[in-house]
Amino acid sequence: MKATRSILIGLVSVAAALAAGHLVAGLVSPLASPFLAVGNTAIDLTPHQLKDFAVRTFGENDKLVLLGGMAVVLAALGVVAGLVSRRSPWPGMALAGALGLLGAAAVLTRPTTTAWSVVAPLASLVVGVLVFRWLWSQAPAEVPGRRRFLLSTAAIAAGAGVAAVGGQLLAGRVDVEASRRGITLRPRVKAPEIPFSADFSREGTPPFLTPNDKFYRVDTALSVPRLRAEDWRLRVHGMVDNEMVLTYDDLLRRPLEEKTITLVCVSNEVGGPYISTSNFIGVSLPDLLRDAGIRPGADQLATRSVDGWTCGTPVESIMAPGSNAMLAIGMNGEPLPLERGFPVRMVVPGLYGYVSATKWLVDAELTTFDAFDPYWAQRGWGKKAPVKVMSRIDRPKSFERVPAGKFVVAGIAWAQHVGIDRVEVRVDGGPWQEATLATEVNIDTWRMWRIELDLKEGNHTVECRATNRKGDTQTNERAAPVPDGATGWHSMVFTSVAG
Ligand SMILES: Nc1nc2c(c(=O)[nH]1)N[C@H]1C(S)=C(S)[C@@H](COP(=O)(O)O)O[C@H]1N2
Ligand SMILES: [Mo]
């Protein structure tokens, strides 16, 4: 057979197999789509260095890049399947079958697998093998058969397109947007207004409150879980006196409080962007756990997201007086956006997000640190990860040219749940000078700082360091984000030019 024909057969068979799996998954359970399951498995198996690289390079498009990369690899395999099958269909069918088994393995090992999940990869496998065989039998040895072959191929390709779109529509049929729109949040206690004097955004820092669509996003979810508030249940179990199952209405019946809290990711490099602040609306997590009755010895709250991601939080951080730990259902006055964990997420000020901020929360088990390792602990990250004291320069930008003479350097500092006491700045290795701090909103948020410098023409390096309320000063010892947060001073090289 001509190479072009066999390649076409390979490509169309792969597309048909993927689409069939996606369609059936849309019917039974969207995460059982072999394509998504392989992608999610790839994310879980990726070493964090590569993950950090992907996030650094592609930002929030990292997931699209992964899906695109998988599509390219699958297309290449389709080409190979075609090329090895020019004499007989069996090698290609075997390859299609092997791919199907790989998809099935990925689906079956996902934490979200249910009994029905297996039908989706099974559909992929069967359709892949049969389509390959059928198209191969349609491929003409002679010119007259060409038209029929092309029609068959086009029909299968079109069918695959329809099935893929259908699967996507079926997966989205749960109307979470409507569920979200139907919610109005009326917190009993509102967060105090942010005073003008707390916000140095006019000096080049970010605005004090991050708009929801500008809030940094870090999670392992390839497709955002779609869970309606009406269907949401939280099971609280494990080392408790009263096991509980809570509904969204149960949460709404509890006192809702709004609190201004800064969230930061452990993967944030010195000077990095993974920090944001929001007015979170939610219910007290310590009150809820007190109702459940924590048994002695339970030192870890293991929480699970509907997509299977797990998190472990020190019980003492949650239960400490004034912890401000909450089950959040709102951000900046609206119900949580879907990608923020709608309908319910956790927030515990003072801890990095991976040990505290479970999105799409559905399960909370009181356990011990000895008994259970959550997702990132299994991958070598610290089990306990309090936020380290840190500061960042926002102005000037790297290699910026600024007017010589008086110039304001500004940035942010944070030491959540401890508070910032001081920020110091030095230029070209000179003496440390104390920056002016913005008004403190509360100890759980970032704090802006500014300092006016008088600079001669030429290149300069500015550095900053923060000290928290306990008297701990940010160390200049460089540490990578893994295992429990980066350290070091942020510095910025820039040029003062005659104005
Ligand atoms: N379900 C789920 N929750 C999660 C994560 C995740 O991968 N899955 N990532 C955590 C991490 S590492 C961080 S830093 C915060 C980020 O929350 P954001 O995306 O709303 O900024 O969510 C946490 N909650
Ligand atoms: Mo994170």
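Summary of the structure given here.

Basis of the calculations
Residues numbered from 1 in each chain as written. Chains lettered and ligands numbered in written order. Predicted model: local features only at pLDDT ≥ 70, side-chain atom pairs only at ≥ 80, totals over all residues. Heavy atoms only, no water. Helix = DSSP H or I, 4+ residues; strand = E, 2+ residues; numbered from the N terminus. Buried < 20%, exposed > 50% of the residue type's maximum accessible area, 1.4 Å probe, protein only. Contact = heavy atoms within 4.5 Å. Lys, Arg positive; Asp, Glu negative; His and termini not counted. Charge placed at Lys NZ, Arg CZ, Asp CG, Glu CD. Pairing = 2+ DSSP bridges. Near = heavy atom within 4 Å. Polar contact = N/O pair within 3.5 Å; in protein donor to acceptor, adjacent residues only side chain to side chain. Areas by Shrake-Rupley, 256 points an atom, 1.4 Å probe, with all protein chains shown as cover. Nonpolar A, V, L, I, M, F, W, Y, C, P; charged D, E, K, R; others polar. Core = buried A, V, L, I, M, F, W, Y, C linked by side-chain atoms within 4.5 Å. Axes fitted to C-alpha atoms, helices over the stretch in contact; angles between N-to-C directions. Parallel < 35°, antiparallel > 145°, perpendicular 65-115°, else oblique. Left-handed = near helix turned anticlockwise from the far one by under 90°. Arc of directions from axis to C-beta. Patch = residues over 30% accessible without salt bridge, like charges linked within 9 Å, V, L, I, M, F, W, Y side chains within 5 Å. Salt bridge = Lys/Arg side-chain N within 4 Å of Asp/Glu carboxyl O.

Observations regarding the overall build of the protein
Looking only at helices and strands, the protein has 11 helices and 19 strands in total. In terms of overall dimensions, the protein has a C-alpha envelope of 85 × 65 × 40 Å along the principal axes. Classification of the 499 residues of the protein by burial places 52% in the buried group. Once local pairs closer than 6 in sequence are excluded, the contacts in the protein between residues at least 24 apart make up 75%. With 52 positive and 47 negative side-chain charges, the protein shows a spacing of 9 Å between the two charge centroids.

Some thoughts on the pairing of strand E3 (residues 257-264)
Note on strand geometry: in a regular strand, side chains alternate between the two faces of the sheet. With respect to burial, E3 is a largely interior element, six of its eight residues being buried. Pairing of E3 with strand E4 (residues 275-284) involves eight bridges; the strand directions are antiparallel. Bridge assignment links Val 264 to a residue of E4, and that residue is Ile 275.

A closer look at the site of ligand 1
Residues in contact with ligand 1 amount to 19 residues; listed here are only the nearest, Tyr 216, Thr 220, Arg 340, Arg 345 and Lys 359. Here a nitrogen atom of ligand 1 sits 3.1 Å away from a polar atom, N or O, in the side chain of Ser 305. Take Trp 309: an N or O atom from its side chain is 3.4 Å from an oxygen atom of ligand 1. Taken by itself ligand 1 offers 530 Å² of open surface, and the protein chains cover 98% of this. Residues of the shell around ligand 1, tallied by class, amount to nine nonpolar, four polar and six charged.

Side note on the nonpolar core
Core analysis: the biggest nonpolar cluster contains 82 residues, and Trp 232 and Leu 327 have the highest contact counts within it. Ile 393, Val 402, Ala 413 and Ala 435 belong to the second largest nonpolar core, which has 21 residues in total.

Topic: the packing of helix H1 (residues 3-28) against helix H6 (residues 119-138)
The N-to-C vectors of H1 and H6 enclose an angle of 155°; their axes lie 7 Å apart at closest approach. Regarding the angle of H1 to H6, the classification is roughly antiparallel. As H1 runs across H6, the sense of the crossing is right-handed. Here H1 contributes Ile 9, Gly 10, Val 12, Ser 13, Ala 16, Ala 17, Leu 18, Ala 20, Gly 21, Val 24, Ala 25 and Val 28 to the contact with H6, which in turn contributes Val 119, Ala 120, Ala 123, Ser 124, Val 127, Gly 128, Val 131, Phe 132, Leu 135 and Trp 136. Here the residues of the contact of H1 with H6 sort into 17 nonpolar, five polar and no charged.

Overview of the packing of H1 against helix H4 (residues 62-83)
At their nearest, the axes of H1 and H4 sit 7 Å apart, and the two run at 135° to each other. The angle between H1 and H4 falls in the class oblique. In terms of crossing hand, the pair formed by H1 and H4 is right-handed. From H1, Ala 3, Ser 6, Ile 7, Gly 10, Leu 11, Val 14 and Leu 18 reach across to H4, where they touch Leu 74, Ala 75, Gly 78, Val 79, Gly 82 and Leu 83. Of the residues that constitute the contact of H1 with H4, the class distribution is nine nonpolar, four polar and no charged.

Let's talk about helix H3 (residues 48-58)
The complete set of buried residues in H3 reads His 48, Lys 51 and Asp 52. Projected down its long axis, H3 shows its buried positions confined to an angular sector of 100°, all on one face. The secondary structure elements touched by the buried residues of H3 are helix H2 (34-45). A positive phi of about 60° marks Gly 59, the residue just after H3.

Section: the sheet that holds strand E12 (residues 401-403)
Spatially, five strands are ordered E12-E19-E18-E14-E15 in an open sheet, and the strand pairing comes out mixed. Two strands bound the open sheet, and with one partner strand each, they are E12 and strand E15 (433-434). Direction of pairing for E12 relative to strand E19 (residues 490-497): parallel, over a ladder of three bridges. Note that in E19 the partner of Pro 403 across the bridge is Val 497.

Quick word on a nonpolar patch on the surface
A surface patch of nonpolar side chains, about 340 Å² in accessible area, is lined by Leu 50, Phe 53, Phe 58 and Val 65. With three residues, H3 is the single largest residue contributor to the nonpolar patch. Inspection of the secondary structure puts Leu 50 in helix H3. Given the relative accessible area of 49%, Leu 50 is considered partly exposed.

Some details on the pattern of salt bridges
Taken as a whole, this structure holds 25 salt bridges when the rule is applied. Here Arg 180 and Glu 334 are joined by a salt bridge, their closest N and O atoms 2.6 Å apart. On the criterion of sequence distance, the pair formed by Arg 180 in helix H8 (residues 176-181) and Glu 334 in strand E8 (residues 334-335) is long-range, its members being 154 residues apart. Through salt bridges with shared partners, a single network forms among Lys 63, Arg 217, Asp 219 and Lys 359.

Examining the environment of Trp 449
Among the secondary structure elements, Trp 449 is positioned in strand E17 (residues 447-455). Taking the C-alpha atoms as reference points, Trp 449 and Leu 289, 160 residues apart in sequence, are found 37 Å from one another. A polar contact of 3.1 Å, which involves the side chain of Trp 449, links it to the backbone oxygen of Ile 412.

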